[in-house]
Amino acid sequence: MDDQGRFTSDPFSLGVASGDPLPDSVILWTRLVPEPFKRGGGMPDRRVPVQWTVAADEDMREIVQTGEVFAQPEHAHSVHVDVTGLESNTEYYYQFRTGGRQSSVGRTKTAPAPNARLDEFSFAFASCQAWYNGFYTAYKYMADDELDLIIHLGDYIYEYGIGPNGGERNTSVPQVYRTEPKTLDRYRLQYGLYKSDPNLQAAHASAPWIVTFDDHEVDNNWADEDPQDPDKQSVREFLQRRANGLQAYFEHMPLRPSRMPDGPDMPVYRNFTFGDLAEFNILDTRQYRSDQACGGGAKKDCKERLDPSRTILGDAQEEWLLDNLGNSTATWDIIANQVLMAEMDFERGPEEALSMDKWDGYIADRDRVLTTFEQEVRNPVVITGDFHRNFANNLKKDFDDPDSATIGTEFIGTSISSGKNGTEMDDFGRRILAENEHIKYHNAQRGYVRCTLTPDQWQTDYQVVPYVTDPGAPIHTDASFVVKDGNPGLQER
Ligand SMILES: [Fe+2]
């Protein structure tokens, strides 16, 4: 930035985004950061005015609203503009301007009015994008889909240091990236690198996003106040780290200002309604959960997981969720969640090994959610990230009894890049399908999941790319499933 307040290089290096759509409003996001790979981002330590424009057309001629906000240094010069007074179920375009520069144009869409009749709604969900594991090619195709909504289920970044050659990206990464993020500055740098990917930027600019975080936005497998390695981080140190990680997360996501963290606490669980067709409950399964039972990992005969006082949601979130599910009048009630809800036996033969980081380690909460599904919800559907594999599950009243009624459906989406190229099938996938009657599909390639909802039917398409370690992969639909209104469970298409 020069003395006249003009930028000598592009301050919109991380693109633009929109999110948390309501019938009359949407959040517009950008961050001024001409040098995203440098501490401080190349910005002066003062507030900088940013002008925004919302238009009805992509060429930004039919202007609907304009305004000005200040990008503040204490928020890394990010802006979260709450544009209000918009028409429901309407496409808009937006653009930012500052210091003689303008951003690219983003597309967004408001939600339909509550209870408005909606014939079709299409969204995609994604998770897990280890930058150094490969290219975000899947996002290029997601951007082309012109969706009503995109949901991110967490692991938007990973809290690991990055090598000099950027892993599979094979590109030079500055020295400042070698260490693990712990400070606010260092987490901000991580977002600078991850969000520099042009396909990720294209997906953000293509539709409104609703986001929630999982563990790696802070620390692997953290639970409430417990870090991955309590011997290396005291609770006090971890809570400061959690505050830093969540602050940087907020600064880089198109979230409402009401979601801003207060120290280590971030109010992120929330719900969204799209006409009479869909209601989304966006969960937080990290901030309020009991520590992983029996030391975490896949465990046999872990009695602790059955303890009724254990929780993955916490009391307040659970009450909120069960109330929403019970009161909803939508055709489709969706739980957008981080970790696998269905039971999954990892062990060959009659013995059972279950993962203590997933809902299998939190049986009391799962039983109450599934009971509510059975008794009060017309069409419950769970969408899930974290696993770096695609699965499609029938949710059962009793997972160990194949004759038990199917009471809901779970779609688990693979990673965008985490785990490198992956493969269609492997020994692990074969074992999971053989040991778990209710799990009907597996694929371990990279990609995203696209869902098209109508009043009669839900359709899920598993979109996968054959490789991510080189750019430019093609995409194809590996499998599609439908769920019929009033008939929980998967039907192959
Ligand atoms: Fe992940």
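The structure under discussion appears in the preceding block.
This is a predicted model, so every value here is computed, not measured.

### Side note on the pattern of salt bridges
Note that side chains of opposite charge can pair when their charged atoms are close.
Then, number 1: Using the criterion set out here, one finds 33 salt bridges in the structure.
Then, number 2: Measuring nitrogen to oxygen at the nearest pair gives 3.2 Å for the salt bridge that ties Arg 256 to Asp 82. Taken as a pair, Arg 256 in the loop between α4 (235–252) and β12 (270–274) and Asp 82 in strand β5 (residues 78–83) lie far apart in primary sequence, 174 residues in all.
Then, number 3: Of the residues examined, Arg 256 reaches a relative accessible area of 12% and is grouped as buried.
Then, number 4: For Asp 82, a relative accessible area of 37% gives the class partly exposed.
Then, number 5: In this structure, a network of salt bridges that share partners links the residues Arg 39, Asp 185, Arg 188 and Glu 251.

### So, the coordination of the iron ion
Then, number 1: For the iron ion, every protein donor is listed as Cys 128 (SG), Asp 155 (OD), Tyr 158 (OH) and His 388 (NE2), and the spread of their distances is 2.0 to 2.5 Å.
Then, number 2: Seen from the iron ion, its four donor atoms lie at angles of 85 to 170°, and the figure they make is irregular.
Then, number 3: On the basis of relative accessibility, which here comes to 0%, the residue Cys 128 falls in the buried class.

### With respect to the environment of Thr 331
Then, number 1: One can find Thr 331 in the loop between α5 (315–327) and β15 (332–337).
Then, number 2: Residues Thr 331 and Asp 456, spaced 125 residues apart in sequence, show a C-alpha to C-alpha distance of 8.7 Å.
Then, number 3: If sequence neighbours within four positions are ignored, Thr 331 has contacts with Asp 276, Leu 277, Arg 378, Asn 379, Pro 455 and Asp 485.

### Re a negative patch on the surface
Then, number 1: Together, Asp 315, Glu 319, Asp 323 and Glu 376 give the surface a local cluster of negative charge.
Then, number 2: Top element by residues in the negative patch is α5. It accounts for three residues.
Then, number 3: For Glu 319, the position within the fold is in helix α5.
Then, number 4: The exposure class of Glu 319 is exposed, given its relative accessible area of 53%.

### Considerations on unusual backbone geometry
Then, number 1: In this structure, Asn 89 takes a positive phi of about 50° despite not being glycine.
Then, number 2: Summarising the element assignment, Asn 89 is placed in the loop between β5 and β6 (91–98).
Then, number 3: A residue is classified by how much of its surface remains accessible, and Asn 89, at 36% relative accessible area, is partly exposed.
Then, number 4: Its identity is not glycine, yet Asn 221 carries a phi of approximately 55°, on the positive side.

### Concerning the pairing of strand β24 (residues 487–492)
Then, number 1: Bridging between strand β23 (residues 476–484) and β24 involves three bridges; their strand directions are antiparallel. Looking across to β24, one finds that Val 482 is bridged to Gln 491.
Then, number 2: Between β23 and β24, which follow one another and run antiparallel, lie two residues, and Gly 486 among them has a positive phi close to 80°.

### Description of the side chain of Arg 241
Then, number 1: Tracing the backbone through its elements, the reader meets Arg 241 in helix α4.
Then, number 2: Reaching out from Arg 241, the side chain makes a polar contact with the side chain of Tyr 187 at a distance of 3.0 Å.
Then, number 3: Look past the residues within four positions of Arg 241 in its chain and what remains in contact with it is Glu 159, Glu 180, Pro 181, Lys 182, Tyr 187, Val 218, Asp 219 and Gln 233.

What counts as what
Residues numbered from 1 in each chain as written. Predicted model: local features only at pLDDT ≥ 70, side-chain atom pairs only at ≥ 80, totals over all residues. Heavy atoms only, no water. Salt bridge = Lys/Arg side-chain N within 4 Å of Asp/Glu carboxyl O. Helix = DSSP H or I, 4+ residues; strand = E, 2+ residues; numbered from the N terminus. Buried < 20%, exposed > 50% of the residue type's maximum accessible area, 1.4 Å probe, protein only. Donors = N, O, S within 2.8 Å, 3.2 Å for Na, K, Ca; no water. Tetrahedral: all angles 85-135°; square planar, octahedral: opposite > 155°, others 65-115°. Contact = heavy atoms within 4.5 Å. Patch = residues over 30% accessible without salt bridge, like charges linked within 9 Å, V, L, I, M, F, W, Y side chains within 5 Å. Areas by Shrake-Rupley, 256 points an atom, 1.4 Å probe, with all protein chains shown as cover. Lys, Arg positive; Asp, Glu negative; His and termini not counted. Charge placed at Lys NZ, Arg CZ, Asp CG, Glu CD. Pairing = 2+ DSSP bridges. Polar contact = N/O pair within 3.5 Å; in protein donor to acceptor, adjacent residues only side chain to side chain.

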